[in-house]
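Analysis of the macromolecular model
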Amino acid sequence: MLLEPAPGSLLVGELWHPDPSTLTGEQARQVLTDIVAMRSFLAAVEALAVERVRLACVEEARRAAEPGAGSRAQRFGGDVGRALAVSEVAVAEGIGERAAAKLLDAAESLCGVQLMVLDRLEAGMLTEAHARVITEETATLPESTAGEFGIECLRRLHTRTGRRRTPAEFRAAVRSLRERMHPDSIRARRSRAEKDRGVWVKPEPDGMCTLTAYLPAEVGLAAFNRVDALARSQREADPDEARTLPQLRADALAATLLGSAQDGSERSFEEVPAPAAEVVVHIPVGTLLGAEEEPGVLEGYGPIEAATARALAVAAPTWQRLFDSDDGVPLSLGRVAYRPSKGLRRFIEYRDGICQFPSCTRPVRRAEADHIVEWQHGGTTDAANLQLLCRKHHALKSLGLWQAERLEANPDGSAGDLRWTSPLGGRAVAGPAGRGPAGRGLDPTAESPPSQSDPDPPPF
């Protein structure tokens, strides 16, 4: 089988491989070895390309900030050139911005102080996984030490007997080396690292999610030990307990975070009261009334089963009806007002679902309303010309570094997708969550604080 470059590709060459079904087991294993070497080569080429994109974006950001460049600065709170580069790489490779940021970090290291590592990677003498270990462990080293550190890492790639260490073994060896070579005390590094602490949630299939916390080591271990002790005590107290230890740990964590019985007795996960924090669920009227079993949408997660949606609706202290123009809430304010009304904002939140920039999944309730055609250029305040963007992507658009264009409306009347164009010529399409033009339904929520209006005056 012969693989040729796609039309317009700048990667020139041919790759041939035999039909895998005709190979012996030994030959198929050799193909796997060859693929590893090819991945190493492509990773090196990718690093070089990503670094060139970064440099080009830094230049574009510099031009946008020049006096008379035709765009107004917007509060950003970060490196505009880097933010632009992250968005370019994310859109070009079809990945999330967190993954793109990691690619940028690795590329800057490989094309800077770790050129020897890049050479080994390009020659297939180093796997992509091993190179990633070096760049990640180099991240907080000063440049004066990072180069020497990379050379020492390469010397530790193999054991004394000549066996190449696995990536996990290599990371353990490299981490010990890093501790010895780092010029800053561990106390100073700890102080800097603590600034990145946080908690994240990742939606998982089948109504589940993963909750992750980045904490100081002693705090995280103490929290785990506490949850583990609660789980083990629960199992010891009830010999007939059917839950596994991991399940008991998860239930103990939920019970600890969300509340416990007033009399101090243990309470199962199912008996934990609903959290006081805001929970938003969109429920079609038919589902709410029990006439349909269409899933509800848990904001920040996705579809949930109808029974769970109804249970959340019963527990909700406040409700909001989502109207459309047929029900009396105008979806267009024209040039009468710059800021959307509460009803119009609620409609756009429901329609868009997430930040409308490609590859971004930040929730709309923390996003900013943006005029696709800017207000100062004659743009109107209506559903078709409004979108919701997170703070960062709103800033990039306001600086003129990304351009957005609303495509033709869908046959059912719902808003069309958005075509985005980057300063480097990249194009990508994003768009609303596809919940329909009207979205007639009920939106039960826990009591939410008053929404904060966009603090910036026009034209942003």
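Above this text you will find the structure in question.
So, here is what we can say about the structure in this document. (Residues numbered from 1 in each chain as written. Predicted model: local features only at pLDDT ≥ 70, side-chain atom pairs only at ≥ 80, totals over all residues. Heavy atoms only, no water.)

Some remarks on the overall build of the protein chain
In terms of helices and strands, the protein chain carries 14 helices and 14 strands. Roughly 26,800 Å² of accessible area belongs to the protein chain as shown, and the carbon and sulfur atoms make up 56% of that amount. (Helix = DSSP H or I, 4+ residues; strand = E, 2+ residues; numbered from the N terminus. Areas by Shrake-Rupley, 256 points an atom, 1.4 Å probe, with all protein chains shown as cover.)

Re the environment of Arg-232
With respect to the secondary-structure elements, Arg-232 resides in helix α9 (residues 217-237). Distance from Arg-232 to Leu-245, taken between C-alpha atoms, is 7.1 Å for residues 13 residues apart in sequence. Once residues within four sequence positions are removed from consideration, Arg-232 is found in contact with Leu-245 and Arg-249. One polar contact links Arg-232 to Asp-228, side chain to side chain, over a distance of 2.8 Å. (Contact = heavy atoms within 4.5 Å. Polar contact = N/O pair within 3.5 Å; in protein donor to acceptor, adjacent residues only side chain to side chain.)

Side note on the sheet that holds strand β13 (residues 427-430)
Where strands meet in a sheet, backbone hydrogen bonds hold them as pairs that are either parallel or antiparallel. An order of β11-β12-β13 is seen for the three strands of this open sheet, with the pairing classed as antiparallel. Looking at strand neighbours, the two that pair on one side only are β11 (403-406) and β13, the edges of this open sheet. Each strand of the sheet is rotated relative to its neighbour by a mean of 25 degrees, with strand direction disregarded. Looking at chain direction, strand β12 (residues 418-421) and β13 are connected through four bridges and run antiparallel. Its bridge partner being in β13, Thr-421 is matched across the sheet by Arg-427. (Pairing = 2+ DSSP bridges. Axes fitted to C-alpha atoms, helices over the stretch in contact; angles between N-to-C directions.)

Brief notes about helix α10 (residues 245-258)
Taking 1.5 Å of rise per residue, the 14 residues of α10 would be expected to cover 20 Å, and the 20 Å separating its terminal C-alpha atoms lies within 8% of that figure. Turning to α10, its buried residues number three or more, namely Leu-245, Leu-248, Asp-251, Ala-252, Ala-254 and Ala-255. (Expected span 1.5 Å × (residues − 1). Buried < 20%, exposed > 50% of the residue type's maximum accessible area, 1.4 Å probe, protein only.)

Quick look at a nonpolar patch on the surface
Residues Val-199, Val-201, Leu-211, Leu-253, Leu-257 and Leu-258 make up a contiguous nonpolar surface patch of roughly 550 Å² in combined accessible area. Looking at the nonpolar patch, the elements with two or more residues in it are β3 (198-204) and α10. It is α10 that provides the largest number of residues to the nonpolar patch, a total of three residues. The residue Leu-211 is located in strand β4 (residues 208-214) in this model. (Patch = residues over 30% accessible without salt bridge, like charges linked within 9 Å, V, L, I, M, F, W, Y side chains within 5 Å. Salt bridge = Lys/Arg side-chain N within 4 Å of Asp/Glu carboxyl O.)

Examining the packing of helix α4 (residues 115-122) against helix α6 (residues 143-155)
The N-to-C vectors of α4 and α6 enclose an angle of 40 degrees; their axes lie 8 Å apart at closest approach. Classed by the angle they form, the pair α4 and α6 counts as oblique. Of the residues in α6, those in contact with Met-116, Val-117 and Arg-120 of α4 are Gly-150, Ile-151 and Leu-154. In terms of residue class, the contact of α4 with α6 is made up of four nonpolar, one polar and one charged. (Parallel < 35°, antiparallel > 145°, perpendicular 65-115°, else oblique. Nonpolar A, V, L, I, M, F, W, Y, C, P; charged D, E, K, R; others polar.)

Notes on the packing of aromatic side chains
Counted by the stated rule, this structure contains three aromatic pairs. Their ring planes at 85 degrees and their centres at 5.5 Å tell us that Tyr-338 and Trp-375 sit as a pair that is edge-to-face. Here Trp-375 lies in the loop between β9 (368-371) and β10 (386-389) and Tyr-338 lies in the loop between β8 (318-322) and α13 (342-352), a separation of 37 residues in the sequence. Residues Tyr-338 and Trp-375 agree in their burial class; the two are buried. Centroid distance Phe-357 to Trp-420: 5.1 Å. Interplanar angle 70 degrees. Geometry classified as edge-to-face. Residue Phe-357 is found in the loop between α13 and β9, and its partner Trp-420 is found in strand β12; the two are separated by 63 residues along the sequence. In this structure, Phe-357 and Trp-420 share a single accessibility class: buried. (Phe/Tyr/Trp six-rings, centres within 6.5 Å; stacked < 30°, edge-to-face > 60°.)

Quick look at the pairing of β3
By the bridge criterion, seven bridges tie β3 to β4 in an arrangement that is antiparallel. Looking at β4, one finds that Glu-204 is bridged to Met-208. Hairpin connection from β3 to β4: three residues lie between these consecutive antiparallel strands, with Asp-206 at a positive phi of about 65 degrees.

Some words on the environment of Ala-90
Positionally, Ala-90 belongs in helix α2 (residues 80-93). Note: C-alpha distance between Ala-90 and Ala-101 (11 residues apart in sequence) is 8.3 Å. Among all residues touching Ala-90, those that are not within four sequence positions of it are Ile-95, Gly-96, Glu-97, Ala-100 and Ser-359.

Some remarks on the pattern of salt bridges
Throughout the structure, instances matching the rule amount to 28 salt bridges. Between Asp-105 and Arg-82 there is a salt bridge, with its nearest N and O atoms 3.0 Å apart. Here Asp-105, found in helix α3 (residues 97-110), pairs with Arg-82, found in helix α2; they are 23 residues apart in sequence, far enough to count as distant. Notably, a salt bridge pairs Arg-232 with Asp-228, separated by 2.8 Å at the nearest N-O pair. You can see Arg-232 and its partner Asp-228 sitting in helix α9, four residues apart, about one turn around the helix. Exposure remark for Asp-228: the relative accessible area of 13% places this residue in the buried category. By sharing partners, the salt bridges in this structure join Glu-136, Glu-137, Arg-171, Arg-175, Arg-178 and Glu-179 into a single network.

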